[in-house]
Amino acid sequence: SSGFVNEEEDKFHIGSDQAVELFKAFDKAWANRNYDLMKTLIAEEASFEFQDGKTATGAGEFIDMIKEEISVEEASGNGYTWTTEYAFSVDLNPSESGEWVNAGFTSVLDNPEDGVIKKVYNEWYYFKDKKLEQWYQTIRKVME
């Protein structure tokens, strides 16, 4: 174990390859816009928090928001693509089910907006019982 959580007894532990493989399947389905597969990987009451403060509950709302995001990007002359830079899994309690996967992405804009040439995403995925239960997103905009 390493680190701390709220300076309590909990510590982070290296997670499993199984959680990283779940993330990879989800990331691939998202990149391919395979919404049917994504739905099978999302828990019924999963919660999602986007970098702009928008939230969604469940697969339907989440996928609707993704589709809206795709429309906005494509309307601005940008593709909806990214490069997955890394992913790793951490576990707060190895004796219980559930692990967090942290992943990083880079999206280079085809049509820079307000001087932004690329976006660097950091996302956290919480998988439990082979389903995505929570997701959080942050973004760093890289200027020209």
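What this report covers is the structure whose coordinates are included nearby.

Thresholds applied
Residues numbered from 1 in each chain as written. Predicted model: local features only at pLDDT ≥ 70, side-chain atom pairs only at ≥ 80, totals over all residues. Heavy atoms only, no water. Helix = DSSP H or I, 4+ residues; strand = E, 2+ residues; numbered from the N terminus. Rg over C-alpha atoms; globule rule 2.2 N^0.38 Å. Buried < 20%, exposed > 50% of the residue type's maximum accessible area, 1.4 Å probe, protein only. Contact = heavy atoms within 4.5 Å. Areas by Shrake-Rupley, 256 points an atom, 1.4 Å probe, with all protein chains shown as cover. Lys, Arg positive; Asp, Glu negative; His and termini not counted. Charge placed at Lys NZ, Arg CZ, Asp CG, Glu CD. Phe/Tyr/Trp six-rings, centres within 6.5 Å; stacked < 30°, edge-to-face > 60°. Pairing = 2+ DSSP bridges. Core = buried A, V, L, I, M, F, W, Y, C linked by side-chain atoms within 4.5 Å.

1. Some thoughts on the overall build of the chain
Here comes step 1: The helix and strand inventory of the chain stands at three helices and seven strands.
Here comes step 2: Reading the secondary structure of the chain in the N-to-C direction produces β-α-α-β-β-α-β-β-β-β.
Here comes step 3: Its C-alpha radius of gyration of 16 Å places the chain within 12% of the 15 Å reference for a compact globule of 144 residues.
Here comes step 4: Residues classed as buried in the chain amount to 37% of the 144 residues present.
Here comes step 5: In the chain, once contacts between residues fewer than 6 apart in sequence are set aside, the share between residues at least 24 apart is 50%.
Here comes step 6: When the accessible surface of the chain is totalled, it reaches about 8500 Å², and 47% of it is carbon and sulfur.
Here comes step 7: Where the 14 positive side-chain charges of the chain centre and where its 29 negative ones centre are 5 Å apart.

2. Let's talk about the packing of aromatic side chains
Here comes step 1: The final tally for this structure, using the stated rule, is 21 aromatic pairs.
Here comes step 2: Seen from their ring centres, Phe48 and Phe62 are 3.8 Å apart, and the 10 degrees between their planes marks the pair as stacked. In this pair, Phe48 sits in strand E2 (residues 42-49) while Phe62 sits in helix H3 (residues 58-75), placing the two residues 14 residues apart along the sequence. Phe62 shares its class with Phe48; the two are buried.
Here comes step 3: With centroids separated by 6.5 Å and ring planes inclined at 90 degrees, the aromatic side chains of Trp82 and Phe105 adopt a geometry described as edge-to-face. With Trp82 in the loop between H3 and strand E4 (83-91) and Phe105 in strand E5 (residues 99-113), the pair connects residues that are 23 residues apart, well separated along the chain.
Here comes step 4: Each residue in the set Phe23, Phe26, Trp30, Phe48, Phe50, Phe62, Tyr80, Trp82, Phe105, Tyr125, Phe127 and Trp135 is aromatic and connected to the rest through ring pairs, giving one cluster.

3. Overview of the pairing of E2
Here comes step 1: As judged from the four bridges shared by E2 and strand E7 (residues 131-143), these two strands associate in the parallel manner. Within E7, the position partnered with Ser47 by the bridge is Gln134.
Here comes step 2: Pairing geometry for E2 and strand E3 (residues 55-57), over three bridges, is antiparallel. When the sheet's bridge partners are listed, Ser47 is paired in E3 with Thr57.

4. A short note on the nonpolar core
Proteins that are soluble and globular tend to have nonpolar side chains buried together.
Here comes step 1: Membership of the largest hydrophobic core comes to 30 residues, with the highest contact counts inside it found for Phe26, Trp30, Met38, Phe62 and Tyr125.
Here comes step 2: Elements represented by at least two residues in this core include exactly helix H1 (17-31), helix H2 (35-41), E2, H3, E5, strand E6 (116-128) and E7.
Here comes step 3: The residues contacting Phe26, other than those within four sequence positions of it, are Met38, Leu41, Ile42, Phe62, Tyr125 and Leu132.

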